[in-house]
Amino acid sequence: MSETRVPAERKYQAEIEALIASDSGARPPGWAMTPQSVIRYVLGSDKPVGGVPITAKYIGDRAIVEVAVATLASDRALLLAGEPGTAKSWLSEHLTAAISGTSALIVQGTSGTSEEHIKYGWNYALLLAEGPSEKALVASPILRAMREGKIARFEEITRTGQEVQDALISILSEKQIAIPELGSIVGAQRGFNILATANTRDRGVNEMSAALKRRFNFVVIPVVSDLEQEIRIVKKREEELRSDYQVGAPAPEELSRMLVTMFQELRAGITKDGKTKVKATGAVLSTAEAISVLFQSGILAQSFGSGAVSPNDLARALVGAVAKEGADDLKAVREYFETVAKGRAGAWKEFSAAARIAFRTTA
Ligand SMILES: Nc1ncnc2c1ncn2[C@@H]1O[C@H](COP(=O)(O)OP(=O)(O)OP(=O)(O)O)[C@@H](O)[C@H]1O
Ligand SMILES: [Mg+2]
């Protein structure tokens, strides 16, 4: 048996170890490596380090990652905010893996998240049998991060209720959690911090209380608008998924280019040459969504198609991404094919013809 999803600190263990071994500068207290090495780990390095090639994890603006890393070394917590599918969680996983050696201290924010999830709970069988004790205490990932001087991740923080956000304010300002039942207080070891993510399409980041916002530094992760860069990201990540899941066929360059071009045009509401307006979709056609459409088209091609990704496989995979927000989006994309794609040369023609069939069956 093998795991489908290995955490970053294990998957890239060799890179992390090589970076730590080569590190010479000053490390912030509690950090496994220097901020410079964290940047090298996240953005990749031209030259191997200690004989180990350092691959790029996040493809994007160095300045953004630098501010994120600097924030994590400060007294403020970090909030990565942005549109869905812009690699906020991805960055959070890699930053914590590099800095703390683990990306597993994680709280998933939902409307059901309670104070217990961010402070501590109890093993009730033990609690009833023996009364409150260290053994009966179930520490939250945040409490463990405090004890171990590590960074805790808080995903989708804006989905949590007011009580949880309020409790977090006290954790972030006091840097300690009191456990009155044991008469003890756990103070954060150096290296502790919180790295949160929030999706700007969800319940608003703006709804966070001013007091909580003040304890975070906001770093906005942008949507990629450069065509070549997004193609690079989509191709690279799709290839990695194919290798992780050991399924699927590669897509010809022309098709990945076509898919990303289409996503960018639908996102922007206008064609790349600025000549034709197109109706925008309500569904978020994010980079992550493009990766998943391309990956799925590869599985379709391998399992039910010719073995190599064709425009037909791509069109079939696309429907699932577009259908999420309902009939209006399907209409908008159908219109895109009629007014924009059909008139273009090469694979676009075949793509439009295949889309006409694929989208008809869902209407
Ligand atoms: N600039 C990028 N560099 C590398 N990978 C990227 C980039 N943009 C998107 N991705 C890929 O997109 C996928 C989804 O990213 P992720 O889940 O982190 O998005 P998110 O911003 O957390 O979205 P959500 O708000 O929906 O939670 C990941 O596989 C990630 O590798
Ligand atoms: Mg996320």
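Structure shown above.
Summary of the structure given here. Along each chain, the written sequence defines residue order, and numbers are assigned to residues from 1. To read the labels, note that chains go from A and ligands from 1, taken in the order they are written. Where local features are concerned, this predicted model is filtered to residues with pLDDT of at least 70; where side-chain atom pairs are given and counted, the filter is 80 or more; whole-chain, interface and lining totals use all residues. Side-chain calculation: all heavy atoms of the structure are included, whereas hydrogens and water are not.

**A closer look at the overall build of the protein chain**
Using the following cut-off: In DSSP terms, a helix is any run of H or I states spanning at least four residues, a strand is any run of E spanning at least two, and both are numbered starting from the N terminus. Buried, partly exposed and exposed residues are distinguished by accessible area as a fraction of the type maximum, computed with a 1.4 Å probe on protein chains only: under 20%, between the cut-offs, and over 50%, respectively. Residue contacts are counted whenever heavy atoms from the two residues lie within 4.5 Å of one another. For accessible areas, the Shrake-Rupley method is used with a probe of radius 1.4 Å. Any residue's cover is judged against the shown protein chains and nothing else. His is not counted here, nor are the chain ends, while Lys and Arg score as positive and Asp and Glu score as negative. Here the site of a charge means NZ on Lys, CZ on Arg, CG on Asp, or CD on Glu.
A count of helices and strands for the protein chain gives 16 helices and nine strands. In terms of principal-axis extent, the alpha carbons of the protein chain reach across some 75 × 50 × 45 Å. When burial is assessed residue by residue, the protein chain has 49% of its 363 residues classed as buried. The contacts in the protein chain between residues at least 6 apart in sequence include a share of 70% that link residues at least 24 apart. Approximately 16900 Å² of the protein chain is accessible, and the part contributed by carbon and sulfur atoms is 52%. Across the protein chain, the 44 positively charged side chains and the 43 negatively charged ones have centroids separated by 3 Å.

**Side note on the pattern of salt bridges**
Test applied: We define a salt bridge as a side-chain nitrogen of Lys or Arg found within 4 Å of a carboxyl oxygen belonging to Asp or Glu.
The full count for this structure, using the stated rule, is 22 salt bridges. Residues R237 and E240 are paired through a salt bridge, measuring 2.5 Å at the closest nitrogen-oxygen approach. Taken together, the residues span about one helical turn, with R237 and E240 both in helix α11 (residues 227-245) at a distance of three residues. E265 is the salt-bridge partner of R344, the closest N and O atoms lying 2.9 Å from each other.

**Some words on the nonpolar core**
Defined as follows: Remark: nonpolar core denotes a set of buried residues (Ala, Val, Leu, Ile, Met, Phe, Trp, Tyr, Cys) joined through side-chain atoms within 4.5 Å.
Core analysis: the biggest nonpolar cluster contains 42 residues, and M262, L318, F337, F351 and F359 have the highest contact counts within it. Elements represented by at least two residues in this core include exactly α11, α12 (253-268), α13 (287-304), α14 (311-322), α15 (327-341) and α16 (347-360). Setting aside residues no more than four positions away along its own chain, M262 makes contact with L318, V333, Y336, F337, W348 and F351. Formed by 33 residues, the second largest nonpolar core is a distinct cluster that contains V107, L168, I171 and A196.

**Re the pairing of strand β8 (residues 193-199)**
To be explicit about the condition: Strand pairing is assigned whenever DSSP identifies at least 2 bridges connecting the two strands.
Within β8, seven of the seven residues are buried, which leaves it mostly tucked inside the rest of the structure. A two-sided burial pattern is seen for β8, the buried positions comprising N193, L195, T197 and N199 on one face and I194, A196 and A198 on the other. Pairing between strand β1 (residues 77-82) and β8: five bridges, direction parallel. Note that in β8 the partner of L80 across the bridge is T197. Where strand β5 (residues 151-155) lies against β8, four bridges are found, and the strand directions are parallel. Bridge pairing links F154 to A196 in β8.

**Regarding the packing of aromatic side chains**
This is how it is decided: In summary, the pairing rule links any two rings of Phe, Tyr or Trp, Trp by its six-membered ring, whose centres are within 6.5 Å, and it sorts them by plane angle into stacked for under 30 degrees, edge-to-face for over 60 and tilted for everything else.
All told, the structure shown has seven aromatic pairs when counted by the stated rule. Centroid distance F337 to F351: 5.0 Å. Interplanar angle 90°. Geometry classified as edge-to-face. With F337 in helix α15 and F351 in helix α16, this residue pair connects regions lying 14 residues apart in the sequence. Exposure remark for F337: the relative accessible area of 4% places this residue in the buried category.

**Some thoughts on the layout of surface pockets**
Applied cut-off: The method works on a 1 Å grid over the protein atoms by themselves. A cavity is a set of points holding a 1.4 Å probe that cannot get out, a pocket is an open set with protein on both sides within 12 Å along at least five of seven lines, and residues with an atom within 4 Å of a point line them. Grid points are joined across faces, edges and corners, and a volume is the space filled by probe spheres set on the points. Source of the domain bounds: an automatic or database domain assignment. Note on residue categories: nonpolar means Ala, Val, Leu, Ile, Met, Phe, Trp, Tyr, Cys or Pro, charged means Asp, Glu, Lys or Arg, and polar means any other residue, Gly included.
Each pocket or cavity is described by its volume, and for the largest pocket that value is around 810 Å³. Elements supplying a minimum of two residues to the lining of the largest pocket: α1 (8-11), α5 (88-100), α11 and α13. No fewer than three residues from each of domain 1 (8-220) and domain 2 (227-360) sit in the lining of the largest pocket. Space inside the second largest pocket adds up to approximately 200 Å³. The wall of the second largest pocket is formed by 14 residues, among which A73, S74, R190, G191 and F192 lie closest to the centre. Taken together, the residues that form the lining of the second largest pocket break down as seven nonpolar, four polar and three charged.

**What to know about the sheet that holds β5**
Our working rule: Inter-axis angles, ranging from 0 to 180 degrees, are taken between N-to-C directions of lines fitted to C-alpha atoms, where helices are fitted over the stretch in contact.
Ordered by their spatial adjacency, five strands build an open sheet running β2-β5-β8-β1-β9, and the pairing between neighbours is parallel. Strand pairing shows two members of the sheet lacking a second neighbour, β2 (106-108) and β9 (216-220), which therefore form its edges. For this sheet, the mean inter-axis angle between neighbouring strands, taken without regard to orientation, is 20°. Packed onto the sheet, helix α4 (residues 62-72) meets β1, β5, β8 and β9 and runs at close to 165° relative to β9.

**Some words on the environment of K135**
Considering the arrangement of structural elements, one finds K135 in the loop between α7 (124-130) and β4 (137-139). Residues K135 and N123, spaced twelve residues apart in sequence, show a C-alpha to C-alpha distance of 8.4 Å.

**Side note on the site of ligand 1**
Rules: Any residue with a non-hydrogen atom lying within 4 Å of a molecule or strand is treated as near it. Any pair of N or O atoms that falls within 3.5 Å is considered a polar contact. Within protein, one atom must be able to donate a hydrogen and the other to accept it, and sequence-neighbouring residues count only if both atoms are side-chain atoms. Any molecule with more than half of its atoms within 2 Å of a cavity's or pocket's grid points is counted as sitting in it.
Around ligand 1, a shell composed of 17 residues is seen, among which I59, K88, S89, W90 and R237 lie nearest. The backbone of T86 places a nitrogen or oxygen atom 3.0 Å from an oxygen atom of ligand 1. Within the side chain of E156, a nitrogen or oxygen atom sits 3.1 Å from an oxygen atom of ligand 1. When isolated, ligand 1 has an accessible area of 640 Å², and the protein chains bury 84% of it. A molecule is said to occupy a pocket when more than half its atoms come within 2 Å of that pocket's grid points, and by this definition ligand 1 occupies the largest pocket. Elements represented by at least two residues in the shell around ligand 1 include exactly α5, α11 and α13.

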